[in-house]
Amino acid sequence: MFTTVTVDPSKAESLEQLGTKRKFWFTDDKGVRVLFKAEERNTGEDWAEKLACELAGLLGLPHVQYELAEEQGSGIPGVICESCSPASWSLMMGNELLLARDPAYPADDGRKYKVREHTVEAVAEVVRKLELPPDPWRTVPVGIVSALDVFIGYVLLDAWIANQDRHHQNWAALDDSQKRYLAPSFDHGASMARNLQDDERQERLTTRDANRQIPAFVRKARSAFYAQASDTKPLGTFEAWQAFAALSQSAETTWLDRLRAVDETEVARLLAEVPTGRMSPVCREFTQKLLTENKNRLVEGAKP
Ligand SMILES: Nc1ncnc2c1ncn2[C@@H]1O[C@H](COP(=O)(O)OP(=O)(O)OP(=O)(O)O)[C@@H](O)[C@H]1O
Ligand SMILES: [Mg+2]
């Protein structure tokens, strides 16, 4: 079972303003800055966040490490993660980087979704200028040689886990005032259809209607990337993967090989580690099937 860390709310130092959920920063016993993200809406973001980071680990992707957590007193569930930004560094969000590239980029109007200017081309251009993630995330698979190659892996993860939330404040750079590095992947809580109700999961698992079954369902996942700023709809998560993968043959091959090597029993073992109070048996079964379906689609769709 994944361990659950108890968080003392009286230690809260500052509320994190970015993002949609209640969260606060505190300093842990080792003097490390830690973020608690509360899951007050019962939408499964806590298990999805924890599981997604473990799946990112199976691929060998640089990622923020999340642990299940519970707020002392209220018992409110959530997750914690250490800050990925050392004290004297700054974390620059994707929208800031895109604004520096194009002064007309809508970085400040509060919108995170349906930002058509968040195109594959614009994002790739910005990410290409970054260094590989810094230590302790420097070690990446052989064949991955640039920040863009790493980012392409983030997009593969998103397609695998059906993460629809890689908007321009959910990827970032780390700046030490000398160099600018791609930040590790973070905020994967809006994935694996975590907010479906269990009766819908059950129905989709058992229906004879092919339009309601998992293979049809997973094809609806949309990314936050656009092919062109004139498009009205964002790319699907698989289309986004294909568009990014087309930018680096070696990244495409390397990340697909990593996914192909993921053992289904390892995924099952991770799913079994989530406490039942946070993830029901039907949710576990549905999530495993969703991951298998997406994995097979990705691996089979690979170019020779
Ligand atoms: N590990 C971390 N290190 C440094 N900053 C972080 C970390 N995790 C989150 N943040 C900061 O807090 C913000 C909000 O966190 P996060 O994106 O995880 O929350 P969220 O509410 O799930 O966001 P969203 O509205 O995108 O779903 C991030 O955009 C980032 O600025
Ligand atoms: Mg976020």
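Here the structure is shown first, and the text comes after it.
Residues numbered from 1 in each chain as written. Chains lettered and ligands numbered in written order. Predicted model: local features only at pLDDT ≥ 70, side-chain atom pairs only at ≥ 80, totals over all residues. Heavy atoms only, no water.

Draft legend 1. Layout of the coordination of the magnesium ion (ligand 2). Those protein atoms acting as donors to the magnesium ion (ligand 2) are Asn170 (OD1) and Asp187 (OD), and they sit at 2.1 to 2.2 Å. With Asn170 in the loop between helix H4 (147-161) and strand S8 (172-175) and Asp187 in the loop between strand S9 (180-182) and helix H5 (198-206), the pair connects residues that are 17 residues apart, well separated along the chain. Residue Asn170 is classed as buried on the basis of its relative accessible area, which comes to 4%. (Donors = N, O, S within 2.8 Å, 3.2 Å for Na, K, Ca; no water. Helix = DSSP H or I, 4+ residues; strand = E, 2+ residues; numbered from the N terminus. Buried < 20%, exposed > 50% of the residue type's maximum accessible area, 1.4 Å probe, protein only.)

Draft legend 2. Highlighting the pattern of salt bridges. Considering all chains together, one arrives at 24 salt bridges under this definition. Where Arg194 meets Glu45, a salt bridge forms, and the shortest distance between an N and an O atom there is 3.1 Å. Here the residue Arg194 occupies a position in the loop between S9 and H5, and Glu45 occupies one in helix H1 (residues 45-59), the gap between them amounting to 149 residues. Here Arg194 falls in the buried class, since its relative accessible area comes to 12%. Two residues, Asp158 and Arg166, come together in a salt bridge whose shortest N-O distance is 2.8 Å. Asp158 gets classed as buried once you look at its relative accessible area, which sits at 4%. Taking relative accessible area as the criterion, Arg166 reaches 2% and is therefore assigned buried. (Salt bridge = Lys/Arg side-chain N within 4 Å of Asp/Glu carboxyl O.)

Draft legend 3. Structural detail: the packing of H1 against helix H9 (residues 264-272). Two elements in contact, H1 and H9, have axes separated by 10 Å at closest approach and are oriented at 155°. Classified by the angle between their axes, H1 and H9 sit roughly antiparallel to one another. Note that H1 runs across H9; the crossing there is right-handed. Here H1 contributes Leu51, Glu54, Leu55 and Leu58 to the contact with H9, which in turn contributes Glu266, Val267, Leu270 and Leu271. Split into classes, the residues belonging to the contact of H1 with H9 amount to 6 nonpolar, no polar and 2 charged. (Axes fitted to C-alpha atoms, helices over the stretch in contact; angles between N-to-C directions. Parallel < 35°, antiparallel > 145°, perpendicular 65-115°, else oblique. Left-handed = near helix turned anticlockwise from the far one by under 90°. Contact = heavy atoms within 4.5 Å. Nonpolar A, V, L, I, M, F, W, Y, C, P; charged D, E, K, R; others polar.)

Draft legend 4. Looking closely at the side chain of Asp187. The exposure class assigned to Asp187 is buried, which follows from its relative accessible area of 13%. Only 3.0 Å separates the side chain of Asp187 from the side chain of Asn170, close enough to count as a polar contact. Other than its neighbours up to four places away in sequence, Asp187 contacts Lys37, Glu49, Tyr66, Asn163, Asp165 and Asn170. (Polar contact = N/O pair within 3.5 Å; in protein donor to acceptor, adjacent residues only side chain to side chain.)

Draft legend 5. Seen up close, the layout of surface pockets. Estimated volume of the largest pocket: approximately 600 Å³. Lining the largest pocket are 31 residues, with Glu16, Leu18, Leu35, Met93 and Phe186 positioned closest to its centre. For the lining of the largest pocket, the secondary-structure elements that each account for two or more residues are strand S3 (23-27), strand S4 (33-38), strand S6 (77-82) and strand S7 (90-93). Among the elements that make up the lining of the largest pocket, the one with the highest residue count is S4 (3 residues). Grouping the constituent residues of the lining of the largest pocket by class yields 12 nonpolar, 7 polar and 12 charged. In this structure, the lining of the largest pocket is formed jointly by two domains, domain 1 (4-82) and domain 2 (84-304), each of which donates at least three residues. (1 Å grid on protein atoms, 1.4 Å probe; cavity = no way out; pocket = protein on both sides within 12 Å on 5 of 7 lines; lining within 4 Å. Points joined across faces, edges and corners; volume = space filled by probe spheres on them. Domains from an automatic or database assignment.)

Draft legend 6. Just the environment of Tyr226, in detail. Mapping Tyr226 onto the fold places it in the loop between helix H6 (214-218) and helix H7 (237-245). C-alpha separation for the pair Tyr226 and Val115, spaced 111 residues apart in sequence, amounts to 8.2 Å. Apart from residues no more than four positions distant in its own chain, Tyr226 is found in contact with Lys114, Val115, Arg116, His118, Thr119, Val120, Asp231, Thr232, Lys233, Pro234 and Leu235.

Draft legend 7. Spatial organisation of the site of ligand 1. Around ligand 1 sit 22 residues, and of these Lys37, Cys84, Lys112, His167 and Asp187 come closest. Asn170 places a side-chain nitrogen or oxygen 3.0 Å from an oxygen atom of ligand 1. Compared with its free state, where it exposes 620 Å², ligand 1 has 96% of that area covered by protein. Here ligand 1 is seated within the largest pocket. Looking at the shell around ligand 1, the elements that each hand over two or more residues are S3, S4, S6 and S7. Here the shell around ligand 1 is composed, by residue class, of 8 nonpolar, 6 polar and 8 charged. (Near = heavy atom within 4 Å. Areas by Shrake-Rupley, 256 points an atom, 1.4 Å probe, with all protein chains shown as cover. Sits in = over half its atoms within 2 Å of the grid points.)

Draft legend 8. Region of interest: empty space enclosed by the protein. Summed over the entire model, instances satisfying the criterion amount to 2 cavities of 30 Å³ or more. In this structure, the largest cavity occupies an estimated 80 Å³ of space. Residue lining of the largest cavity: Lys21, Lys37, Ala38, Glu39, Arg41, Thr43, Glu45, Asp46, Glu49 and Val79, and that is the complete set. Residue contributions to the lining of the largest cavity peak at 3 residues, all from H1. When grouped by side-chain class, the residues that make up the lining of the largest cavity number 2 nonpolar, 1 polar and 7 charged. Within this model, the second largest cavity holds a volume of roughly 40 Å³. Considering the residues around the second largest cavity, the lining is formed by Val155, Asp158, Ala159, Asn163, Arg166, Ser223, Ala224, Phe225, Thr237 and Ala240. Put simply, the parts of the chain that give the lining of the second largest cavity at least two residues each are H4 and H7. Of all the elements, H4 adds the most residues to the lining of the second largest cavity, at 3 residues. Considering only residue class, the lining of the second largest cavity consists of 5 nonpolar, 3 polar and 2 charged.

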